[in-house]
Amino acid sequence: MSTDVVIVGCSGHGREVFSIIQAVNQAGGDREPVRVLGFVDDAPSERNLKLVQRLDAAYLGRIDWLRTAPAGTHVLLGVGHPAVRQRLGRRVGDYRLPALSVVHPDATLGRDLVHGEGLVVFPGARVTTNVTLGRHVHLNQNATVGHDSLLDDYVSVNPSAAVSGDCHLAEAVLVGTCAAVLQGRRVGAGATVGASACVVRDVPGGTVVKGVPAR
Ligand SMILES: CC(C)(COP(=O)(O)OP(=O)(O)OC[C@H]1O[C@@H](n2cnc3c(N)ncnc32)[C@H](O)[C@@H]1OP(=O)(O)O)[C@@H](O)C(=O)NCCC(=O)NCCS
């Protein structure tokens, strides 16, 4: 038996998600293997199609392909930008397919983690204790999330970014590469924290902040 999954998005992030699934399968363990049926994408570039082929994976067609997916098929959103992933998630939600969660074997998850479906955790990511993650949250390579933090649906924490303890990142927040969010700060829905920024005060929803301290 295997768990079948379709990755939505052929671009680099989608192909990274594919690699995480391969690593999960190689690690073995109790979980049944995950079989990637292929990728769907409405407008894949020639380059991305070639790179998908090189993974020995299939391009299945447009996202509407999911309408005819075999019963039991799962989806995984293979798009890094939270706002785009949010749009895709709402659209794919119409097909009523469950979303798989994948955690790279070189990531660590602490005690009392609660998470929604579609979680993707990249290698080297670290989540400590009593963290709550919504649906389709993506924690990229070496990202960290500290104790008691709450990350709502579609949040992305980019490579090497650090979310401290007791933080709240609302829906579809992007924390850029190497950024830091200091303890207890709130970042409003749809906000972007620029790469290498340091968030020292709460960030209103829908805004972009950058720099040290982030403004
Ligand atoms: C902050 C950010 C959202 C701004 O994007 P943008 O609006 O397209 O910004 P631009 O590239 O047009 O730059 C606008 C100005 O901000 C500056 N700037 C851009 N990003 C910055 C950053 N992270 N920190 C400090 N200044 C930054 C630019 O130098 C430019 O300054 P100038 O007007 O004096 O020339 C973006 O640069 C960023 O950091 N995104 C995070 C992306 C990320 O993590 N990528 C990794 C993917 S794995």
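Residues numbered from 1 in each chain as written. Predicted model: local features only at pLDDT ≥ 70, side-chain atom pairs only at ≥ 80, totals over all residues. Heavy atoms only, no water.

S.K.: Just to check I follow, could you spell out the sheet that holds strand E6 (residues 108–109) for this structure?
M.R.: Remark on secondary structure: sheet strands pair via backbone hydrogen bonds, oriented parallel or antiparallel. Spatially, six strands are ordered E6-E9-E12-E15-E18-E21 in an open sheet, and the strand pairing comes out parallel. Because the sheet does not close on itself, it has two edges, and the strands there are E6 and strand E21 (198–199). Taken together, the two bridges between E6 and strand E9 (residues 126–127) define a ladder with parallel strand orientation. In the sheet register, Leu-109 faces E9, and the bridge partner there is Val-127. (Pairing = 2+ DSSP bridges. Helix = DSSP H or I, 4+ residues; strand = E, 2+ residues; numbered from the N terminus.)

S.K.: What is the right way to look at the nonpolar core in this model?
M.R.: The tendency in soluble globular proteins is for nonpolar side chains to be buried side by side. Grouped together as the largest cluster of nonpolar side chains are 31 residues, with contacts concentrated most on Leu-139, Leu-151, Val-157, Leu-169 and Val-175. In this structure Leu-169 touches Leu-150, Leu-151, Asp-152, Val-155, Val-157, Val-163, Val-175, Val-181 and Val-187, once residues within four positions along its chain are discounted. Cys-10, Ile-20, Leu-76 and Val-120 belong to the second largest nonpolar core, which has 17 residues in total. (Core = buried A, V, L, I, M, F, W, Y, C linked by side-chain atoms within 4.5 Å. Buried < 20%, exposed > 50% of the residue type's maximum accessible area, 1.4 Å probe, protein only. Contact = heavy atoms within 4.5 Å.)

S.K.: It is not clear to me how the site of the ligand should be interpreted in this structure. Could you clarify?
M.R.: Around the ligand sit Asn-158, Pro-159, Gly-176, Thr-177, Thr-192, Gly-194, Ala-195, Val-208 and Lys-210, and those are all the residues in its vicinity. Here Asn-158 contributes a side-chain N or O atom positioned 2.9 Å from an oxygen atom of the ligand. Backbone polar atom of Thr-177 to an oxygen atom of the ligand: 2.8 Å apart, as the coordinates give it. Along the lines of polarity and charge, the residues of the shell around the ligand split into three nonpolar, five polar and one charged. (Near = heavy atom within 4 Å. Polar contact = N/O pair within 3.5 Å; in protein donor to acceptor, adjacent residues only side chain to side chain. Nonpolar A, V, L, I, M, F, W, Y, C, P; charged D, E, K, R; others polar.)

S.K.: Which parts of the structure should I look at to understand the pairing of strand E2 (residues 34–40)?
M.R.: Each regular strand displays side chains that alternate between the two surfaces of the sheet. Of the strand pairs in this sheet, strand E1 (residues 3–8) and E2 are connected by six bridges, and their pairing is parallel. Directly across from Val-5, in E2, lies its bridge partner Val-36. For the crossover that starts at E1, traverses helix H1 (residues 12–27) and ends in the parallel E2, the hand is right-handed. Bridging between E2 and strand E3 (residues 59–61) involves two bridges; their strand directions are parallel. Directly across from Val-40, in E3, lies its bridge partner Gly-61. In this fold, E2 hands off to helix H2 (residues 46–54), which returns the chain to E3; that crossover is right-handed. (Right-handed = clockwise from strand over helix to strand, strands pointing away.)

S.K.: I'm lost on the domain arrangement of the protein chain in this one. Help?
M.R.: Its domain assignment divides the protein chain into domain 1 (3–93) and domain 2 (101–215). Using C-alpha coordinates to define each centre, domain 1 is positioned 23 Å away from domain 2. Taken together, the contacts link 19 residues of domain 1 with 22 residues of domain 2. Buried surface at the junction of domain 1 and domain 2, summed over both partners, amounts to about 1,600 Å²; 66% is from carbon and sulfur atoms. On the domain 1 side of the contact with domain 2, Ile-20, Pro-82 and Arg-85 bury the most area, a combined 34% of that side's loss. Counting across the interface, domain 1 meets domain 2 through one salt bridge. Across the pair Glu-171 and Arg-90 runs a salt bridge whose closest N-O atoms are separated by 3.5 Å. Scanning the region where domain 1 abuts domain 2 turns up ten residue pairs in polar contact (both at pLDDT 80 or more). Sorting the residues of the side of domain 1 that touches domain 2 by element identifies H1, strand E4 (74–77) and helix H3 (82–93) as the ones contributing at least two each. (Domains from an automatic or database assignment. Buried area = accessible area lost by both parts, 1.4 Å probe. Salt bridge = Lys/Arg side-chain N within 4 Å of Asp/Glu carboxyl O.)

S.K.: Whenever I open this one, H1 confuses me. Can you help?
M.R.: One turn of the α-helix equals 3.6 residues, which is why residues spaced by three or four share an orientation. For H1, with 16 residues, the first-to-last C-alpha span of 23 Å sits near the 22 Å given by 1.5 Å per residue. Three or more residues of H1 are buried, namely His-13, Gly-14, Arg-15, Val-17, Phe-18, Ile-20, Ile-21, Ala-23 and Val-24. Following H1 by one or two positions, Gly-28 has its phi on the positive side, about 70°. (Expected span 1.5 Å × (residues − 1).)

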